[in-house]
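So you can see what is in the structure, the chains are spelled out below.
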Amino acid sequence: MWRPHSCGAAVAGMVVALLLQAIPAAAQSPVRTPPSAAAAAAAGDATRGEQLYQSRCGACHSLDANRVGPRHRNVFGRRVAAVPDFHYSAALRKRTFTWDAATLDRWLENPGALVPGTTMGFRVSSAQDRADIIAYLRDHSAPSSP
Amino acid sequence: MSVVGKDLQMRRQLVRGSATVLTAAGITALLGARGAALAQKRTGNAGQDVGVLNAAIALEHEGIAAYTIAAGSGLLQPAVVKIGVTFRGHHQRHRDELIKVVTALGGKPAAAKSDAEYATALNAAALKNQTDVLRLALKLERGAANAYLGLIPSLATADRHQLVARMAGDEAFHAAILGNALGDPIPTDGLMFGA
């Protein structure tokens, strides 16, 4: 349990834990050959994508609730700016494309390049990370989605 | 000069520019496309940044509401409430700084929703104990740190980059405290925020 008035002990504990964890982490790190960017993009890992979604997208988005951004369940195959009870930017309301793997990839890479004037500024620079997040979103969309 | 001061100065320069010879069209005529690009780089893409920073204001509104809801939930120990209220104050400072910049750029700052709306969106009814509350707070703070780092490339000026980077630092600080309170292990790898 957290004891707010024992910061010194907590910091000391953190340092000890760091030292104890550093050695086995270094010794046990597997050697992995990274897949090519194209292969990685084609085969996103939805499990890793869920972790990325929670940590990168979760400040503003949820699957089932409109927050800073619209809800994401069934985003695949959905027309842009089509969640009925979410207030989109004028820039997005003017567009007519449908969300699929390709449009989501371009959106996550640079939203302002795909839709100038959008209020979403968050970018995911790694193609693998984008592929994983997209795989997660596909898993939470209707099976018939593209 | 502060971020707001520079943005105010930039805005005044933009307003004055409409009545002088050196309009964007004039620059283009004199220096060609490169001159216009340089002028754009100097002033920043104010319209785009207003939208992005307004999304950040909306994020801060939600964070402030989350701590208010948590403080009134009856689920937290008094010492934890005190720390949560302090964190809420940090988010209020973020909100206020962002509002200053958006206003200076000629934008209308995003308005807050009601706490009841935030409670619904965050599924606050599902929170049953202090650990649940801390886990939600950690998720929001970690997400906020990542959000600020991830939008830096979309902002046009170094002053705005620095402002949101400073706020990302605050969010990471909050996340570290909350992670420690929950007994989460320290991440083994560096570069634990952003990408």
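Look above for the structure.
Scoring rules and cut-offs
Residues numbered from 1 in each chain as written. Chains lettered and ligands numbered in written order. Predicted model: local features only at pLDDT ≥ 70, side-chain atom pairs only at ≥ 80, totals over all residues. Heavy atoms only, no water. Helix = DSSP H or I, 4+ residues; strand = E, 2+ residues; numbered from the N terminus. Buried < 20%, exposed > 50% of the residue type's maximum accessible area, 1.4 Å probe, protein only. Contact = heavy atoms within 4.5 Å. Areas by Shrake-Rupley, 256 points an atom, 1.4 Å probe, with all protein chains shown as cover. Expected span 1.5 Å × (residues − 1). Polar contact = N/O pair within 3.5 Å; in protein donor to acceptor, adjacent residues only side chain to side chain. Buried area = accessible area lost by both parts, 1.4 Å probe. Salt bridge = Lys/Arg side-chain N within 4 Å of Asp/Glu carboxyl O. Nonpolar A, V, L, I, M, F, W, Y, C, P; charged D, E, K, R; others polar. Core = buried A, V, L, I, M, F, W, Y, C linked by side-chain atoms within 4.5 Å. Axes fitted to C-alpha atoms, helices over the stretch in contact; angles between N-to-C directions. Parallel < 35°, antiparallel > 145°, perpendicular 65-115°, else oblique. Left-handed = near helix turned anticlockwise from the far one by under 90°. Phe/Tyr/Trp six-rings, centres within 6.5 Å; stacked < 30°, edge-to-face > 60°.

Novice: Got a minute to help me understand the overall build of chain A in this structure?
Specialist: Secondary structure summary: chain A contains seven helices and zero strands in total. Out of the 146 residues in chain A, the part that is buried amounts to 40%. Here the contacts in chain A between residues at least 6 apart in sequence split such that 44% fall between residues at least 24 apart. Just so you have it, chain A exposes about 8100 Å², and 59% of that area is on carbon and sulfur atoms.

Novice: Quick question: what am I supposed to make of helix α6 (residues 130-151) of chain B here?
Specialist: Residues three or four positions apart in an α-helix share a direction because the helix packs 3.6 residues into each turn. All names here are of chain B. Helix length check: α6 (22 residues) gives 31 Å between terminal C-alpha atoms against 32 Å at 1.5 Å per residue, within 8%. Of all 22 residues in α6, 16 are buried, a share of seventy percent or more. Backbone nitrogen of T131 and a side-chain oxygen of the N-cap are separated by 3.1 Å at the start of α6; the cap is N129.

Novice: Is there a simple way to think about the interface of chain B and chain A in this case?
Specialist: Where the parts come together, the accessible area they lose is often given as the size of the interface. Across the boundary between the two partners, chain B contributes 34 residues, which contact 30 residues of chain A. Of the roughly 2700 Å² buried between chain B and chain A, counting both surfaces, carbon and sulfur atoms make up 61%. On inspection of chain B and its partner chain A, the count reaches one salt bridge. Two residues, R67 of chain A and E62 of chain B, come together in a salt bridge whose shortest N-O distance is 2.7 Å. Elements with a minimum of two residues in the side of chain B that touches chain A: α3 (46-71), α4 (78-104), α6 and α7 (158-182) of chain B. In terms of residue count, the dominant contributor to the side of chain B that touches chain A is α6 of chain B (10 residues). Partitioning the side of chain B that touches chain A into residue classes produces 19 nonpolar, 11 polar and four charged.

Novice: Help me out: how do you make sense of the pattern of salt bridges in this one?
Specialist: Side chains carrying opposite charge are able to pair once their charged atoms draw close together. Counted under the stated rule, the structure contains 12 salt bridges over all chains. Among the ionic pairs, R48 of chain A bridges to D132 of chain A, the shortest N-O distance being 2.5 Å. With R48 of chain A in helix α3 (residues 46-57) and D132 of chain A in helix α7 (residues 127-139), this residue pair connects regions lying 84 residues apart in the sequence. The exposure class assigned to R48 of chain A is partly exposed, which follows from its relative accessible area of 32%. Judged by relative accessible area, which is 1%, D132 of chain A ranks as buried. A salt bridge links R160 of chain B to D49 of chain B, with the shortest nitrogen-to-oxygen separation between them at 2.5 Å. Pair noted here: R160 of chain B is in helix α7 and D49 of chain B is in helix α3, with a separation of 111 residues, a long-range link. When sorted by exposure, R160 of chain B lands in the same class as D49 of chain B, which is buried.

Novice: What's the story with the nonpolar core in this structure? I'm lost.
Specialist: For soluble globular proteins, the rule of thumb is that nonpolar side chains tend to be buried together. Membership of the largest hydrophobic core comes to 26 residues, with the highest contact counts inside it found for W99, W107, L108, V115, I133 and L137 of chain A. Among the secondary structure elements, those contributing two or more residues to this core are α3, α4 (90-93), α5 (101-109) and α7 of chain A. The biggest single contributor to this core is α7 of chain A, with four residues. Residues within four places of V115 of chain A in sequence aside, it is in contact with A91, L92, R95, F97 and W107 of chain A. If you look at the next biggest cluster of nonpolar residues, it comprises 24 residues, including V68 of chain A together with V102, L155 and M167 of chain B.

Novice: Explanation requested: the environment of Y148 of chain B in the structure shown.
Specialist: Residues and elements named next belong to chain B. Here Y148 shows up in helix α6. Classification of Y148 by relative accessible area gives buried; the value is 0%. Taking the C-alpha atoms as reference points, Y148 and A168, separated by 20 residues in sequence, lie 5.4 Å from one another. Residues in contact with Y148, not counting those within four places in the same chain, are A56, L59, E60, L98, V164, M167, A168 and E171.

Novice: Before we go on, may I ask you to explain the environment of A127 of chain A in this structure?
Specialist: With respect to the element layout, A127 of chain A can be found in helix α7. Sequence spacing of A127 of chain A and L108 of chain A is 19 residues, and the spatial spacing of their C-alpha atoms is 9.4 Å.

Novice: What is the right way to look at the packing of α3 of chain B against α6 of chain B in this model?
Specialist: For any two helices packed against each other, one specifies the inter-axial angle together with the distance between the axes. All names here are of chain B. Interaxial distance between α3 and α6 falls to 11 Å at its minimum, and their mutual angle equals 165°. By the angle class used here, α3 and α6 are roughly antiparallel. Crossing of α3 over α6 shows left-handed handedness. Packed against α3, whose contacting residues are V52, A56, L59, E60, E62, A66, Y67 and A70, the element α6 presents V133, A137, L140, E141, A144, A147, Y148 and L151 at the interface.

Novice: It is not clear to me how the side chain of R67 of chain A should be interpreted in this structure. Could you clarify?
Specialist: If you trace the backbone, R67 of chain A turns up in the loop between α3 and α4. Here H61 of chain A takes part through its backbone oxygen, which lies 3.1 Å from a polar atom of the side chain of R67 of chain A. Within the structure, the side chain of R67 of chain A is placed 2.7 Å from the side chain of E62 of chain B, a separation counted as a polar contact. Look past the residues within four positions of R67 of chain A in its chain and what remains in contact with it is G58, A59, C60, H61, S62 and F86 of chain A together with E62, K113, A121, L122 and L140 of chain B.

Novice: Please clarify how the packing of aromatic side chains should be interpreted in this entry.
Specialist: Aromatic ring pairs are described here by two measures, namely the spacing of the ring centres and the angle between the planes. All names here are of chain A. Evaluated as defined, the whole model comprises five aromatic pairs over all chains. Where Y53 meets Y136, the ring centres are 5.1 Å apart and the plane angle is 45°; that geometry is what we call tilted. Of this pair, Y53 sits in helix α3 while Y136 is found in helix α7, placing the two residues 83 residues apart along the sequence. Note on accessibility: Y53 and Y136 belong to one class, buried. Residues F86 and Y88 carry aromatic rings whose centres are separated by 4.9 Å and whose planes lie at 75° to one another, so their mutual orientation is edge-to-face. The pair formed by F86 and Y88 is uniform in burial state, with each residue classed as buried. Cluster of aromatic residues (ring-pair linked, three or more members): F97, W99 and W107.

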